[in-house]
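Next come the chains, spelled out residue by residue.
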Amino acid sequence: MIEVRGLTKRYGEVLAVDDLTFAVRPGEVTGFLGPNGAGKSTTLRMVLGLDAATSGTATVGGRPYVAQPAPLRAVGALLDAGAVLPSRTARHHLLALAAGNGIPRRRVSEVLAEVGLEAVAHRRAGTFSLGMRQRLGIAGALLGDPPVLVFDEPLNGLDPEGIVWIRGLMRRMAAEGRAVLMSSHLMSEMELTAGHLIVIGRGRLIADTAMKEFIGAY
Ligand code: ADP
Ligand code: ADP
């Protein structure tokens, strides 16, 4: 699971994340909701060890990752859909990621099948649609079979079929006992997916609640 305590990030004058405290538990999808600029990506990058906090702590599975990326076996992430080298084939991309993380090669075939990219695994990622790049990013997140998954705006720009597929995948991963954190700026994307909701605005916590209570509050 993910635990964030007093997490704060300042970029010069901008307080991007302001004293955030919350936990993401296994067994359900937790939605991370807030308008653009609220501090969601900055928070997720600190949790993943990709950015250093100004103060406060973030742990994944009880371990902090401070200025060192969390290993793929600890947490899988989809951050920037399609942030893969366009000249690499899908299989080559995953093989490089597996090799760099001590993950057996056979996992590459397994995750390609899991995300439905087997038939195009030999194609360069630069020829992929957004939905296919999204699937490739998710294959990378699943490669280490991690107990924690982090998806930053995973439904952005996808067609309805892709949205249904990612929703199903996130719910299945949570049902298998993983902690799944999914960010979005749209409440409508949360309602069908998340069992728990963390809402932030201007870097601060606004709500941390079971989804059914939040919806019932209207
Ligand atoms: P969200 O993901 O919720 O849209 P972000 O975490 O991307 O929000 O951004 C939160 C705030 O931090 C915004 O005001 C943004 O402009 C600022 N910010 C994010 N990254 C940087 C950076 N590298 N340098 C300066 N300001 C940044
Ligand atoms: P390579 O240079 O071997 O292709 P990458 O640049 O693709 O490696 O990735 C470098 C590191 O970034 C990985 O070892 C891993 O720690 C992290 N990383 C890449 N993709 C993911 C992902 N989907 N989830 C979590 N971490 C990732």
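The structure displayed is predicted, hence computed values, not measured ones.

A look at the site of ligand 2
Contacts to ligand 2 come from Leu-72, Val-75, Gly-76, Ala-77, Arg-88, Ala-96, Leu-97, Asn-101, Gly-137, Gly-140 and Ala-141. A distance of 2.8 Å separates a nitrogen atom of ligand 2 from a polar atom in the backbone of Ala-77. Ala-141 places a polar main-chain atom, nitrogen or oxygen, 3.4 Å from a nitrogen atom of ligand 2. When ligand 2 sits alone it has 550 Å² of accessible area, and the protein chains cover 58% of it. Mapped by element, the contributors of at least two residues to the shell around ligand 2 are β6 (75-78), α2 (90-100) and α4 (130-142).

Topic: the site of ligand 1
Taken together, Tyr-11, Val-14, Ala-16, Pro-35, Asn-36, Gly-37, Ala-38, Gly-39, Lys-40, Ser-41 and Thr-42 make up the full set of residues adjacent to ligand 1. A distance of 2.7 Å separates an oxygen atom of ligand 1 from a polar atom in the backbone of Gly-37. The side chain of Thr-42 places a nitrogen or oxygen atom 2.6 Å from an oxygen atom of ligand 1. Within the complex, 58% of the 560 Å² of free accessible area of ligand 1 lies under protein. Within the residue set of the shell around ligand 1, elements represented by two or more residues are β2 (14-24) and α1 (40-47). The biggest single contributor to the shell around ligand 1 is α1, with three residues. The residue makeup of the shell around ligand 1, split by class, is five nonpolar, five polar and one charged.

A few points about the pairing of strand β7 (residues 148-152)
By the criterion of burial, β7 is predominantly enclosed, with five of the five residues buried. Sheet topology note: the β6/β7 ladder contains four bridges and is parallel. Counted as the bridge partner of Ala-77 is Val-150 from β7. As paired strands, β7 and strand β8 (residues 179-184) are joined by five bridges and run parallel to one another.

Calculation rules
- Residues take numbers from 1 onward in each chain, read along the sequence in its written order.
- By the order in which they are written, chains take letters starting at A while ligands take numbers starting at 1.
- Owing to the predicted nature of the model, reporting of local features is limited to residues with pLDDT of at least 70; listing and counting of side-chain atom pairs is limited to 80 or more, with chain, interface and lining totals taken over all residues.
- Water and hydrogen atoms were dropped before computing side-chain values, which therefore reflect all heavy atoms in the structure.
- Whether a residue is near a molecule or strand depends on its heavy atoms: if one lies within 4 Å, it is near.
- Any N or O atom pair separated by 3.5 Å or less is treated as a polar contact, with the protein-specific requirement of one donor-capable and one acceptor-capable atom, and with residues adjacent in sequence counted only for side-chain atom pairs.
- Shrake-Rupley sampling with a 1.4 Å probe provides the accessible areas, and residues are treated as covered by the protein chains on show and by no other component.
- Secondary structure elements follow DSSP: runs of H or I of four or more residues count as helices, runs of E of two or more count as strands, with numbering from the N terminus.
- Think of it as three bins: nonpolar holds Ala, Val, Leu, Ile, Met, Phe, Trp, Tyr, Cys and Pro, charged holds Asp, Glu, Lys and Arg, and polar takes everything else, Gly as well.
- Remark: exposure states derive from per-residue accessible area (1.4 Å probe, protein chains only) relative to the maximum for the residue type, with buried under 20%, exposed over 50%, and partly exposed in between.
- Note on pairing: two strands pair once DSSP finds at least 2 bridges between them.

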